[in-house]
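Here is how the chains run, residue by residue.
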Amino acid sequence: MTTQQQLRLDDGRTVACTSPAEARMLWNEMIADGYYRRAAATLRPGDLAVDIGANIGLSAMMFAETHPGVRVIAAEPAPATYDCLHRNMAAHVPGGVALEVAVGAAPGVLPFTWYPRATANSSLYADRDADDDATKTFLRNSGLPDDAITLITRGLHDGEQIDVEVTTVSAILAQHDPSAEIGVLKIDVERAEFDVLLGINESDWSRIRSVVAEVHDRDGRLAEFCEVLDVHGLTPRTRQDPSLSGTELHEVYAVRA
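Residues numbered from 1 in each chain as written. Predicted model: local features only at pLDDT ≥ 70, side-chain atom pairs only at ≥ 80, totals over all residues. Heavy atoms only, no water.

Consecutive side chains along a regular strand alternate between the two faces of the sheet. Across the 6 residues that make up strand E9 (residues 182-187), a large majority, 6, are buried. As judged from the 5 bridges shared by strand E3 (residues 48-52) and E9, these two strands associate in the parallel manner. Paired with Asp51 across the bridge in E9 is Lys186. Bridge analysis of E9 against strand E10 (residues 210-216) gives 3 bridges, and the strand direction is parallel. Looking across to E10, one finds that Leu185 is bridged to Val211. (Buried < 20%, exposed > 50% of the residue type's maximum accessible area, 1.4 Å probe, protein only. Helix = DSSP H or I, 4+ residues; strand = E, 2+ residues; numbered from the N terminus. Pairing = 2+ DSSP bridges.)

Here it is, written out as structure tokens:
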């Protein structure tokens, strides 16, 4: 059983989390000058931000605070993480909608691996060895010695298997906002990112003004992901944070011309 905890952010707000250390790391990613913040800066009053793989809702909070009237729909399938998301949305995202659901290519029920000690790495396509290796590389790039890395990563990706409901982006839009312009579609779903794109109906693509995503470049998936965006009128840019050099993790930011 994971105990819910709290983290006090630098701005004085308190958020519910399963791990204050992980939540702090995720918040630092949100406030850094990366693609997520650049995408948030393009939001306009009245826009809809759709946050797929919302975790505890820190990116949803960032999107909501850009302008009064920005609405956020955030999806997260793991029950313990979703409970934090729901609490944080209620406290810090006016009018926000939290959904306890995974998002993929088609509706259904699928097995999901939840990492209690590394919730942000949980996935429909969890790969413990790859997740261990990526974390070790990140920590090594960050300057930690090997003995500390071994200690930190021991058991970090011990997972629990659960069944989760899966829906699609287009099903979410049809149910919650069938006509709004999507200022940002954010995707961070640990190897399921291409599935998310497959779940967008052709008629909905024109509503999406920008996409920001974390993409695992395995078997040419990064190029494939960018090609789909390009075909639908979004111009993609990619970057890899220096701390992730040597991993398959890349960021994508695509904007409609």
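So, about the sheet that holds strand E4 (residues 71-75). Judged by pairing direction, the sheet is mixed, and its 7 strands sit side by side in the order E5-E4-E3-E9-E10-E12-E11 without closing on themselves. Because the sheet does not close on itself, it has two edges, and the strands there are strand E5 (97-99) and strand E11 (234-239). Pairs of neighbouring strands in the sheet enclose a mean axial angle of 15 degrees, with direction left out of account. The sheet contacts of helix H4 (residues 79-92) involve E4 and E5, and relative to E5 the element is tilted by about 175 degrees. Here helix H7 (residues 169-176) sits on the sheet in contact with E3, E4, E5 and E9, set at roughly 140 degrees to E3. (Axes fitted to C-alpha atoms, helices over the stretch in contact; angles between N-to-C directions. Contact = heavy atoms within 4.5 Å.)

Enumeration over the complete set of coordinates arrives at 1 aromatic pair. Here the aromatic rings of Tyr35 and Tyr253 are separated by 5.7 Å at their centres, their planes lie at 45 degrees, and the arrangement is tilted. You can see Tyr35 sitting in helix H2 (residues 35-41) and its partner Tyr253 sitting in strand E12 (residues 249-256), a full 218 residues away along the chain. For the pair formed by Tyr35 and Tyr253, the shared burial category is buried. The aromatic ring of Phe194 is capped on one face by Arg221, whose charged end is 4.6 Å from the ring centroid. Above the ring of Tyr35, the side-chain terminus of Arg239 is found at 5.8 Å from the ring centroid. (Phe/Tyr/Trp six-rings, centres within 6.5 Å; stacked < 30°, edge-to-face > 60°. Lys NZ or Arg CZ within 6 Å of the ring centre and 35° of its normal.)

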